[in-house]
Each structure stands twice: as structure tokens, then as C-alpha cells.
Amino acid sequence: MAQADALSAVQVLREGGCGGTVPPAPLLHASTMLDRAAKEWAAGRSLSAAAERSGYKAEATSGLHLRGPESSTMQLLKKSECRTVVDHRMRDIGTYRRGQDTWLVLASAYVAPPPSQAPVFASRALQLVNEVRARGTRCGERSFAPASPVKLSGTLVSVALGHASDMAQHNYFEHEDLAGHSPADRVRAVGYREKLVGENIAYGPKSADEVVQGWLDSPGHCENIMDPRFAEMGIAYAAGRASKHGLYWVQVLAAPRDETRAVL
């Protein structure tokens, strides 16, 4: 009954926008996994560790710890935690009560884009890269003049996907893979004869627009994108399978020739 009371209080506040002070939010779905997360949190685990231990793959979480009789739950939430309660990002809720204490965990589940979206993401990333190359831009302290467009290479897409999948599978984030191979090594391994190779990696962005903008905001990554010597690129993402559930991104840029030279 205590869990139902806490959940009911949250639902009332979301539906009413904290008494009309903020926009209403959709009702939350009760989650048994988040009930377990709330119990783990009450036992002393961190909120993120509690959610992970419960089996819930969260994109975002927030937690509320209330102390007082059940009859005060609504007032406590309304007085000091209402904006957290009506966070529109949250979709699910779990609760746990022990004595005079109530723990609530609000979360939204992480949903990776399906593999069928990969070609769409790659085409969009190519468009964004070529738009900025066409107009030129500033990367930190350096200004870059307009550069010729790069074209999408199926071979480089496969190289990018291989490294993104490896990082996602083994939960690491480096240019050098666990076997000690560099980006240039991976490009050569598939028979691509390169003159120059560059690689950008990212963790977390959910769209091509977000990941490309992130790279452009970082001088070193931006310089890779604007390097006029590059003629081809591949880009891919893979969803994390270990403790990290976000997307791992890899962009491989290359100039196809015979001479070997790698730029990371």
C-alpha cells in the first residue's frame, strides 16, 4: 500500500503539473525493475549502480528520498521535489518504503536505434561533413578554408563498424583496439591502400547531427573533418552491451594511395 500511495502522489503531481505551476507530464509506468533499484539504492548502492543491478537499461535516472509518514508524501513532494517529479524525460518509476523512509527512482529506458537506421545516419553525417567542408570553418585556433567533399566508402564504413562494435562489446573507448591495432592498421587489414588515415570516435550522441557537431566543437576532431587531403570517409555506431548502454561512434577518414602515413 505504501508503494501505491507514493506512486499515486507522483502521478497526481505529474498530471496536475504540480498544482499548475509547471506543464503537466505524462503518467509514469510502474516498473518492478525500478522497484528493485529503489530497494538497492536504499541499501546503500549509488543510484546508477542500483539501476544497473536491477537490470533496467537507463538513459536517464533521478532519485528521491523522502522521510516522514505516508500521509506527508504528497506534501513533501510538492514542497521540494516537484520539478523532479514532473521531469518530462522520465517514463518509468519504482518505489520502496522502509519505516518512515520512502525511496523513488524515476527513469527513462535507453533504446538504441535499430541497425536499419545506420545507412540513414551515415548519409546524414556525410551531408553535414560536406556542408562544413564546403563553407570552411574554424577549429579552435586554426581557420580552415573550404575543402572538396568526401565520399562515403563502404569499405571504410565496415572498418568503422568493426571498431565501434569492438568498443561496445568490450566496454573501452580508445583509438587503439585491444589487440594493439591503430586506425591505419584496421584500414590496411581490409585491403584498403591508404596514403593518410584519420579517426574520430565518440560515446553518447544519439544522432548524426549530435555526433558531428560534437566533433566540430573539438579542435582536434574538427581538424580531421576539415583536412583537405581526405577524400573518403566511413561512419558507424554500435550500442554498448556492457555497463555502458549508449552509442559508440567511429568515423574513419582516408586518402586512398600507396604511401603509408597515419594521422590520429
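All figures in this text were calculated on a predicted structure; none of them were measured in a lab.

Asker: In this structure, what is going on with the overall build of the protein chain? I would like to understand it.
Answerer: In terms of helices and strands, the protein chain carries 10 helices and 10 strands. Computed over C-alpha atoms, the radius of gyration of the protein chain comes to 24 Å, more than 25% over the 18 Å expected from 2.2 N^0.38 for 264 residues, which places it beyond the range of a compact globule. Projecting the C-alpha coordinates of the protein chain onto the three principal axes gives extents of approximately 75 × 40 × 35 Å. Looking at the protein chain residue by residue over its 264 residues, the buried ones come to 45%. The long-range fraction of contacts in the protein chain, counting pairs at least 24 apart against all pairs at least 6 apart in sequence, stands at 70%. For the protein chain, the exposed surface amounts to about 13,100 Å²; the carbon and sulfur share of it is 52%.

Asker: Quick question: what am I supposed to make of the environment of His-221 here?
Answerer: Summarising the element assignment, His-221 is placed in helix 10 (residues 219-226). In the structure, His-221 is positioned 51 residues away from His-170 in sequence and 24 Å away in space, judged by C-alpha atoms. Those residues within four positions of His-221 in sequence are excluded, and the remaining contacts are Asn-200, Ile-201 and Trp-215. Within the local environment of His-221, its side chain forms a polar contact with the side chain of Ser-218, the two groups lying 2.7 Å apart.

Asker: Just to check I follow, could you spell out the sheet that holds strand 7 (residues 151-152) for this structure?
Answerer: Read from one edge to the other, the open sheet built from four strands follows the order 7-9-10-8, with strand pairing classed as mixed. The two strands at the open ends of the sheet, each matched to only one other strand, are strand 7 and strand 8 (194-203). Examined bridge by bridge, strand 8 and strand 10 (residues 247-256) share nine bridges and lie antiparallel to one another. Bridge pairing in strand 10 links Ile-201 to Val-250. The strands touched by helix 6 (residues 118-135) within the sheet are strand 7, strand 9 (232-239) and strand 10, with strand 9 carrying the most contacts at an inclination of about 135°. Taken strand by strand, helix 10 contacts strand 8 and strand 10, and its axis lies near 140° from that of strand 8.

Asker: Would you mind going over the state of the cysteines with me for this structure?
Answerer: A disulfide bridge is the covalent bond that connects two cysteines by way of their sulfur atoms. If you walk through the whole model with that rule in mind, you get two disulfides. Each sulfur in the disulfide pair Cys-18 and Cys-82 lies 1.7 Å from the other. Measuring the twist about the S-S bond at about -110°, one finds the Cys-18-Cys-82 disulfide to be left-handed. Within this pair, whereas Cys-18 is found in helix 1 (residues 2-20), its partner Cys-82 is found in helix 5 (residues 82-85), the two being separated by 64 residues in sequence. Accessibility classification places Cys-18 together with Cys-82 in one group, the buried group. Disulfide pairing is shown between Cys-139 and Cys-222; the S-S distance is 2.0 Å. The disulfide joining Cys-139 to Cys-222 has a torsion of about -60° about its S-S bond and is therefore left-handed. One end of the pair, Cys-139, is in strand 5 (residues 137-139); the other, Cys-222, is in helix 10, and 83 residues separate them in sequence.

Asker: I tried to follow the pairing of strand 3 (residues 92-98) on my own but got confused; where do I start?
Answerer: In terms of burial, strand 3 is largely enclosed, as six of its seven residues are buried. Examined bridge by bridge, strand 1 (residues 29-30) and strand 3 share two bridges and lie parallel to one another. Its bridge partner lying in strand 3, Ala-30 is registered against Ile-93. Summarising the sheet, strand 3 and strand 4 (residues 101-109) pair through seven bridges and their orientation is antiparallel. When the bridges of strand 4 are listed, Gly-94 appears paired with Val-105. Linking strand 3 back to strand 4 in an antiparallel pair, the connection comprises two residues, with Gly-99 at a positive phi of about 65°.

Asker: Honestly, the pattern of salt bridges in this entry has me stumped. Any pointers?
Answerer: Across all of its chains, the model carries 14 salt bridges by this definition. A salt bridge links Arg-97 to Glu-70; the shortest N-O distance between them is 4.0 Å. Here the residue Arg-97 occupies a position in strand 3, and Glu-70 occupies one in the loop between strand 2 (58-67) and helix 4 (73-80), the gap between them amounting to 27 residues. Residue Glu-70 is classed as partly exposed on the basis of its relative accessible area, which comes to 38%. Salt-bridge contacts for Arg-188 lead to Glu-194; the nearest nitrogen and oxygen are separated by 2.9 Å. We classify Arg-188 as partly exposed; its relative accessible area is 32%. Accessibility expressed as a relative area gives 3% for Glu-194, which makes it buried. By sharing partners, the salt bridges in this structure join Glu-40, Arg-45 and Arg-53 into a single network.

Rules used throughout
- Residues numbered from 1 in each chain as written.
- Predicted model: local features only at pLDDT ≥ 70, side-chain atom pairs only at ≥ 80, totals over all residues.
- Heavy atoms only, no water.
- Helix = DSSP H or I, 4+ residues; strand = E, 2+ residues; numbered from the N terminus.
- Rg over C-alpha atoms; globule rule 2.2 N^0.38 Å.
- Buried < 20%, exposed > 50% of the residue type's maximum accessible area, 1.4 Å probe, protein only.
- Contact = heavy atoms within 4.5 Å.
- Areas by Shrake-Rupley, 256 points an atom, 1.4 Å probe, with all protein chains shown as cover.
- Polar contact = N/O pair within 3.5 Å; in protein donor to acceptor, adjacent residues only side chain to side chain.
- Pairing = 2+ DSSP bridges.
- Axes fitted to C-alpha atoms, helices over the stretch in contact; angles between N-to-C directions.
- Disulfide = S-S within 2.5 Å.
- Salt bridge = Lys/Arg side-chain N within 4 Å of Asp/Glu carboxyl O.

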